[in-house]
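Listed here are the chains, written in short residue letters.
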Amino acid sequence: MYKVLLVDDERIILEGISNFINWESYQAALVGTAKNGVEAYRMIEAKGPDIVITDIKMPGMNGVELVKKVHEKYPDIRFIMLSGFAEFDYAKQAMEYGVKHYLLKPCNENSIIQALTECIEEIEEVQSKDQFILEMKQRIEKMLPYAKEQLLKEFVTKDSSGSKELEYYQQLFHIELQDPLVKLILFQIEELIEYELLFVIKNITENIFNNIILSCTVGQHFLLMIDNSAQTDHLLEQIEQVREQFHQYYQRDITIAISEEGKMVSARQLYQQTLECLQHRFYLGEGSIITQTDITTQPIRENHLQFDEQKFCLLVKSGRWDDANRELEQFFQQLVQLRLDIQTTKSYVIQLFNGMIRICSPEQMKEYLRVMPELLELDTIHSMHVFFSEIAEEITLQFYEQNRSKHSAIIQKVLEIIENELGNQHLSLNFIANERMFMSPDYLGKLFKKEMGERFSTYITKRRMEQAIQLIDQEKDVKIFEVAEKLGFTDSQYFSQVFKKQTGFTPSEYKKV
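Parameters and conventions
Residues numbered from 1 in each chain as written. Predicted model: local features only at pLDDT ≥ 70, side-chain atom pairs only at ≥ 80, totals over all residues. Heavy atoms only, no water. pLDDT = per-residue confidence, 0-100. Helix = DSSP H or I, 4+ residues; strand = E, 2+ residues; numbered from the N terminus. Expected span 1.5 Å × (residues − 1). Buried < 20%, exposed > 50% of the residue type's maximum accessible area, 1.4 Å probe, protein only. Pairing = 2+ DSSP bridges. Contact = heavy atoms within 4.5 Å. Axes fitted to C-alpha atoms, helices over the stretch in contact; angles between N-to-C directions. Parallel < 35°, antiparallel > 145°, perpendicular 65-115°, else oblique. Left-handed = near helix turned anticlockwise from the far one by under 90°. Nonpolar A, V, L, I, M, F, W, Y, C, P; charged D, E, K, R; others polar. Core = buried A, V, L, I, M, F, W, Y, C linked by side-chain atoms within 4.5 Å. Phe/Tyr/Trp six-rings, centres within 6.5 Å; stacked < 30°, edge-to-face > 60°.

Structural notes on the confidence of the model for the chain
Across the chain, pLDDT averages 84, with 89% of residues at or above 70. Confidence, expressed as mean pLDDT per element, reaches its minimum in the chain at helix α6 (residues 163–173) with 60 and its maximum at strand β1 (residues 2–7) with 93.

Some remarks on helix α13 (residues 321–338)
Relative to the 26 Å expected for 18 residues at 1.5 Å per residue, α13 spans 25 Å between its end C-alpha atoms, a close match to the ideal helical length. Turning to α13, its buried residues are Trp-321, Asp-323, Ala-324, Glu-327, Leu-328, Phe-331, Phe-332, Gln-334, Leu-335 and Leu-338.

Structural notes on unusual backbone geometry
One non-glycine residue, Gln-251, lies in the positive phi region at around 50°. You can see Gln-251 is positioned in the loop between α8 (235–250) and β9 (254–258). The phi dihedral of Arg-339 falls on the positive side, at around 50°, and the residue is not glycine.

Section: the sheet that holds strand β7 (residues 212–218)
Adjacent strands of a sheet form backbone hydrogen bonds with each other and so pair up, either parallel or antiparallel. Read across the open sheet, the 5 strands follow the order β7-β8-β6-β9-β10; overall the sheet is mixed. This sheet does not close on itself; its edge strands, each paired only once, are β7 and β10 (289–290). Strand direction decides the pairing type here: strand β6 (residues 182–189) and strand β8 (residues 221–227), joined by 7 bridges, are antiparallel. Residue pairing for β8: Val-182 is matched across the bridge by Asp-227. Strand contacts of helix α7 (residues 195–208): β6, β7, β8 and β9, with the helix running at about 20° to β8, the strand carrying the most contacts. In the packing of α8 onto the sheet, contacts are made with β6, β8, β9 and β10, and the angle to β9 comes to roughly 160°.

Considering the environment of Cys-313
For Cys-313, the location among the structural elements is in helix α12 (residues 309–317). Here the alpha-carbon distance between Cys-313 and Ile-357, two residues 44 residues apart in the chain, equals 8.9 Å.

Structural notes on the packing of α13 against helix α14 (residues 342–357)
At a minimum axis distance of 11 Å, the contact between α13 and α14 shows a crossing angle of 165°. The orientation of α13 with respect to α14, classified from their angle, is roughly antiparallel. As α13 packs across α14, the resulting crossing turns out to be right-handed. Along its contact with α13, which presents Leu-328, Phe-331, Phe-332 and Leu-335, the element α14 presents Thr-345, Tyr-348, Val-349 and Leu-352. Within the contact of α13 with α14, the residues separate by chemical class into 7 nonpolar, 1 polar and no charged.

Let's talk about the nonpolar core
In terms of nonpolar packing, the biggest core is built from 33 residues, with Phe-312, Phe-332, Met-356, Phe-388 and Ile-395 touching the most fellow members. Every element with two or more residues in this core is listed here: α10 (281–284), α12, α13, α14, α15 (362–377) and α16 (381–406). Of all the elements, α16 adds the most residues to this core, at 8 residues.

Let's talk about the pairing of β9
Along any regular strand, the residues point their side chains to alternate faces of the sheet. In terms of burial, β9 is largely enclosed, as 5 of its 5 residues are buried. Of the two faces of β9, the one holding Ile-254, Ile-256 and Ile-258 and the one holding Thr-255 and Ala-257 are both buried throughout. Bridge analysis of β6 against β9 gives 5 bridges, and the strand direction is antiparallel. Across the sheet, the residue bridging to Leu-186 is Ala-257, located in β9. Pairing analysis gives 2 bridges linking β9 to β10, with the strands arranged parallel. Bridge pairing in β10 places Ala-257 opposite Ile-290.

What about the packing of aromatic side chains?
The tally for this structure, following the rule as stated, stands at 15 aromatic pairs. Taken together, a centroid distance of 5.9 Å and an interplanar angle of 45° make the contact between Phe-187 and Phe-222 tilted. Taken together, the positions of Phe-187 in strand β6 and Phe-222 in strand β8 put the pair 35 residues apart, joining distant regions of the chain. Phe-222 shares its class with Phe-187; the two are buried.

A look at the sheet that holds strand β4 (residues 78–83)
Pairing within the open sheet is parallel, and its 5 strands lie in the order β2-β1-β3-β4-β5. Looking at the sheet topology across the chains shown, the edges are occupied by β2 (28–34) and β5 (101–104). For this sheet the average axis-to-axis angle between neighbouring strands, irrespective of direction, equals 20°. Summarising the sheet, β1 and strand β3 (residues 51–55) pair through 4 bridges and their orientation is parallel. Its bridge partner being in β3, Leu-6 is matched across the sheet by Ile-53. Seen against the sheet, helix α3 (residues 63–73) touches β3 and β4 and runs at an angle of roughly 170° to β4.

Next up, the structure:
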C-alpha cells in the first residue's frame with residue numbers, strides 16, 4: 001500500500017477528497033491530513049508518505065515552499081498540486097522540483113484518481129528500475145572477482161598493456177594499478193592436479209597475504225600479484241606458511257616461483273620470469289621456492305658434459321656397484337651444475353641409459369627399453385637420478401652374481417689372499433704368484449684382468465684406499481702414519497699422495513670433511 005498525505009487549508013476540500021476516493025482500491029492508504037505547509041512537513045517527517053496531494057496557496061508555508069523543502073530532504077516523494085487559474089506561476093515553480101501533476105480547482109474525483117494512479121505507476125516504475133539496478137550491482141559484485149582474474153590473465157598473456165588500459169581498469173575495479181611496485185608468485189601443485197586445489201591455495205593466500213592486488217588461475221597454476229612497494233621482508237616466511245598449511249591438509253608439495261619486482265605495465269615480463277623459474281624445478285626439485293637468483297647461478301666452466309660412458313658400463317658389467325654408483329652420482333652432479341636446457345640434459349641421460357642396457361642380454365635389453373619412456377617423462381633431475389640408479393643397481397647386481405659364478409677358482413683364491421694380506425707391504429702380483437699360487441705372474445696378471453676387468457695393481461690400490469676410508473671413518477683421531485702402516489705403506493707421505501689421487505682429498509683433509 002502506498003501512503004498518501006492530503007494538505008489543504010479548506011476543511012471542506014480535505015473532507016471531500018478524503019471521503020469520496022476509495023483509497024484501498026488503488027493500492028493506497030490515506031495516512032493523514034494537514035491544514036498548511038508547516039503542519040504537513042511535520043507529518044511528512046513522522047508518517048513518511050509516498051504521495052502528497054496539496055493546495056498551492058496556503059497560510060504559513062504555501063505548497064511551493066513545501067515542495068521545495070521536501071524535495072531537498074525527501075526527493076522521492078511525489079506531489080499532486082491543486083491550484084486556481086491565478087496561481088499558475090506558483091505551479092510553474094513547483095514543476096521545477098519535479099512536480100508533474102497539476103490539477104485546477106475545482107477538481108473532480110476522476111482527475112484526482114487519474115493523477116494518483118499515474119503517481120503510483122511512476123513510483124512502481126522507479127522501484128522496478130531501482131530493483132533492476134540493485135540486482136545488476138549484486139551480479140556485478142559476484143562477477144567482479146572473476147573479472148579481476150580475467151584482468152590479470154590479460155596482463156600476463158597479452159603482448160602489451162598501456163597506461164590508458166590501466167586507467168580504465170583501475171576506475172572499473174577501484175584499485176590502484178599505476179604506481180605500485182608488484183611481484184608475481186606462481187604456485188604449482190605437485191603430483192596429479194585436481195583443479196579445485198587451486199582454489200584452496202587461493203583461499204590460503206588470501207588469509208596470509210594482506211597486500212594482494214590481483215589473483216587468478218592460469219592453466220594448472222595459481223598466480224598471485226602482490227604490492228611490493230612496502231618491501232615485504234617476510235615474503236618467504238608467508239610463502240612457507242602457505243606451503244605448510246596446504247601440505248598439512250593435502251600432504252602435497254607446492255613448487256613456487258617468484259618474479260623480481262616491477263611496474264604493473266611489465267606484468268607480462270614478470271610472468272615470463274616466473275615461468276622461467278618454474279622450468280628450473282627440473283634441477284632444483286619438487287617443492288622448491290625458486291627466484292631469479294636461483295636460476296642465474298654460474299655453471300661450471302665446461303659447457304659440455306665430461307663423462308666416461310665406457311668406464312661406467314665396464315663397472316656395471318664387472319658387478320662393482322659401489323664404484324658404478326659413484327660414477328653415476330658424478331654424472332648427475334655435472335648435469336645439475338651445467339644447467340643445460342632440459343631436453344639436452346634428458347638426451348644425455350637417455351644416451352647413458354641406452355649404453356648401459358646394451359651390455360645386457362637381448363631379452364633383458366628389450367625389458368629395459370620398455371621402461372625408457374618412463375625415464376624420459378620424469379620432470380626433475382632428482383627423480384631421473386633415482387629411477388636410473390634403481391635400474392643400474394639391478395643390472396650391476398645381476399652381473400655381480402654372474403661374475404661370481406664365473407670367476408675361476410684361481411681368481412677366487414687370489415681375492416681371498418688380497419683381503420688377508422692388505423696390510424702386507426710385500427703384497428704384489430709377483431708375491432702371490434710366486435709365494436702363494438706357484439704359477440707364472442704374467443699368466444696370473446692376464447687372467448686377473450680378464451675376469452676382474454682391471455689390472456691387479458689398480459685393484460690393490462683401490463681396495464687399500466677403500467679400507468683406509470673405512471679406518472678413518474671409524475676412528476677420527478687415528479694417526480695418518482698408523483693407517484698407512486696398517487695398509488702396507490712404509491712411507492706415509494706416499495700413502496697421502498695415493499689417497500689424494502683416488503679421493504681428491506689428502507687424508508688430513510678427508511678427516512675434516
